[in-house]
Amino acid sequence: MAIRRMPGGNRYGDRKINSRMSRKLAGLFVVVVLLFVVLAIRITYINAKSGDQYARQVLAQSQGEYASTILPFKRGDILDANGMTLATSEKRYNVILDCKVVNSDEDYLEPTIEALSEIFDIDVVGVRSLLTDEKTMNSQYQIVSRNVTIEQKQDFENYKNPEDKKDLSKEEQARLDAIKGVWFEENYIRVYPFNELACDVIGFTNGDNSADWGIEGYYSNTLNGADGRKYGYWSDEDLTQTIVDPTDGRSLVSTIDINIQRIIEDEIASFSTKYANGPWGPKAAKNIGVVVMDPNTGEILGMGSSDPYDLNNPRDLTAYYTTQEIAAMSDEDKVANLQKLWRNYCISDAYEPGSVFKPMTVSAAFEDGSLTGMEEYICDGGQEVAGVYIKCSDVNGHGHETNLDAIRNSCNDALMQIAEKMGQEEFCKYQRMFNFGSRTGIDLSGEAAGILFDASGMSDVDLATSSFGQGFTCTMIQEISALASVINGGYYYQPHVISKVLDSEGATIKTIEPTVQKQTISEEVSDELRRFMKASVDDGTSVYSKVDGYSMGG
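A brief structural summary. Sequence order as written defines residue numbering, which begins from 1 separately in each chain. Side-chain atom pairs in this predicted model are given and counted only at pLDDT of 80 or more, local residue features only at pLDDT of at least 70, and totals for whole chains, interfaces and linings cover all residues. Derived side-chain values reflect all non-hydrogen atoms in the structure, with water molecules and hydrogen atoms excluded from consideration.

Strands here mean DSSP runs of E at least two residues long; helices mean DSSP runs of H or I at least four residues long; both are numbered from the N terminus. Along its length, the protein chain carries 19 helices and 18 strands. Burial analysis of the protein chain (554 residues in total) assigns 41% to the buried set. Contact definition: two residues touch when any of their heavy atoms are within 4.5 Å. Counted over contacts in the protein chain with a minimum sequence separation of 6, partners at least 24 positions apart contribute 71%. Accessible area of the protein chain: about 30,600 Å², with a carbon and sulfur share of 50%. With a 1.4 Å probe rolled over the protein chains alone, any residue whose accessible area is under 20% of its type maximum counts as buried; one over 50% counts as exposed, and the rest are partly exposed. We get accessible surface area from the Shrake-Rupley algorithm with a probe of 1.4 Å; when it comes to residues, only the shown protein chains can shield them.

What follows is the structure, encoded as structure tokens:
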């Protein structure tokens, strides 16, 4: 038996469904009404708080009269340890031409062009083209001269409004009054008062206040500030302006002493001149580097290398290449040559340190107990190691020697014997202790690390040659930092070139204190090594470096 549902269904069930839908619709209606109430309240709040501002902005944009101008920040200065300015930012101005204003009256054209050409080095033909070209004739922003000085700006103002303007004829006054549509946009340019002095340490900025080299690069975020902005809204009645002032960058006091830096660079130049065209060819050396450090703080007092460049014109290669050579360079070659010029040899290039490493070998052997101070050596001009004969600096031999003599005579033979007492494990351990193979963390960009042997991969020959600084590589900054710890009581300071951070008013907001990272050797061993190194200058291989009036070691 089949039961067929009659059309219309169950009236009770339909009523139940309709009731449920009605409740949902009512609830949805309430939610929508509440949302409209919240929106109305929000609009009322915004209108009460900022309505005038938005109204002016909408009006200004509809009339094309809304203006927004960047107010540039001043990048912080870099000073030497004595307060001398090494890098600063000087205010300059771009001369802006409002073509729309000039073209609004034909009487404005010639007086404005004449005034611009009288004061600034402008392209008159180019300016006329800006005022007549359909693409620019209604422009309100065209730069016609860049980086003019405040004196030039003042000359222009004086030209427009001379002191004796009232004494001029009506025609002349009318001519000056017709100078229209010229305004000045502030900006800053980076200036280096000493040109190439300390160029490797300071570095330089690009046009957008970015930098990659030296202090400028490492501390770029600290030196930079934040731009401000000036907003203008024109209505039929008035101009309303809102100004957000720029935040100037912070300044840095470096550890560089400009007097020491001058001596370094003068001596490098003198050496290059003296030995030019000698046995090394047209140059005295492939690279020359000098670092002066305070061993008791890690402060770099001076740092320089050969081939300096002018920080005010860092892309000029004419000092090192002929015009024809530069013209023949591809873009890639030119960039490579500039990069080579800009890199700081003292921190970026690794090389075999040679005999300067010997004090580290001797002090390490004392520290680990391989030496007691009573050792004696016979130098016969060389040493055979694993079937390989390795010569001493004096192929005739130094004869009978003590530990002091090994340093005084810079004796490779004695150093090889000392390293053999230590063995590979201890030798490599102390190389790492002196921070060779690792970056020092100096606050300059582009530091290299050098390459060392692992104890497991170091042969007896490698150990022998490493004892006097050959077979591995390091940088000058690694070398001087390690050597400073040998002579200062055994304290390894992190090298640094900045001592203070100043706010835009010149007040100190941060002092960078010397940082001891580790103790490499004991004070007793350090005392011995100072005595040994003094002997090298008094009557040893370093005697020619002696400067009267100074206690020295070498």
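We now examine the pattern of salt bridges. The salt bridge criterion pairs a side-chain nitrogen of Lys or Arg with a carboxyl oxygen of Asp or Glu, the two atoms within 4 Å. Enumeration according to the criterion identifies 15 salt bridges in this entry. R175 is the salt-bridge partner of E114, the closest N and O atoms lying 3.7 Å from each other. Linking E114 in helix 3 (residues 109-119) with R175 in helix 6 (residues 170-177), this pair joins segments that are 61 residues apart in sequence. On the basis of relative accessibility, which here comes to 37%, the residue E114 falls in the partly exposed class. Judged by relative accessible area, which is 21%, R175 ranks as partly exposed. Residue R408 is joined to D539 by a salt bridge in which the shortest nitrogen-to-oxygen separation is 3.4 Å. Of this pair, R408 sits in helix 15 (residues 403-408) while D539 sits in helix 19 (residues 523-539), and the two are 131 residues apart along the sequence. Judged by relative accessible area, D539 falls into the exposed class, the value being 52%.

All right, on to the packing of helix 3 against helix 4 (residues 124-132) then. For every element, the axis is a line fit to its C-alpha atoms; helices are fit only across the contacting stretch, and the angle between N-to-C directions ranges from 0 to 180 degrees. Running from N to C, helix 3 and helix 4 point in directions that differ by 145 degrees, and their axes come no closer than 11 Å. For the crossing formed where helix 3 meets helix 4, the hand is right-handed. For the pair formed by helix 3 and helix 4, the contact residues are L109, E110, I113 and S117 on the first element and V124, V127, R128 and L131 on the second. Partitioned by chemical class, the residues of the contact of helix 3 with helix 4 number five nonpolar, one polar and two charged. What makes a crossing left-handed is the near helix being turned counterclockwise from the far one by less than a right angle; a clockwise turn instead makes it right-handed. Basically, the charged four are Asp, Glu, Lys and Arg, the nonpolar ten are Ala, Val, Leu, Ile, Met, Phe, Trp, Tyr, Cys and Pro, and anything else, Gly included, counts as polar.

Patch members must show over 30% relative accessible area and no salt bridge, and they are joined within 9 Å when carrying like charges or within 5 Å when they are nonpolar side chains of Val, Leu, Ile, Met, Phe, Trp or Tyr. Together, F29, V30, V33, L34, V37 and I41 give the surface a local cluster of nonpolar side chains, amounting to about 560 Å² of exposed area. For V37, the position within the fold is in helix 1 (residues 11-63).

One covalent bond between the sulfur atoms of two cysteine residues makes up a disulfide. The disulfide criterion is simple: two cysteine sulfur atoms within 2.5 Å. Going through the model one piece at a time under the given rule, you end up with zero disulfides. Note on C379: no disulfide assigned, nearest cysteine sulfur contributed by C411 at a separation of 3.6 Å. C379 sits in the buried class, given a relative accessible area of 4%.

This part covers the nonpolar core. The tendency in soluble globular proteins is for nonpolar side chains to be buried side by side. As used here, the term nonpolar core means buried Ala, Val, Leu, Ile, Met, Phe, Trp, Tyr and Cys residues forming a set that is joined through side-chain atoms within 4.5 Å. Judged by nonpolar contacts, the single largest core of 41 residues is most densely connected at I202, I215, I300, M303, I442, L444 and V497. Sorting the residues of this core by element identifies strand 3 (85-97), helix 7 (199-202), strand 9 (289-293), strand 10 (300-305), helix 12 (331-342), helix 13 (345-348), helix 18 (476-487) and strand 16 (498-502) as the ones contributing at least two each. If sequence neighbours within four positions are ignored, I300 has contacts with T255, I256, V291, V292, M293, I442, I477, P495, H496 and V497. Counting residues in hydrophobic clusters, the runner-up holds 39 residues, among them A364, A419, C428 and A482.

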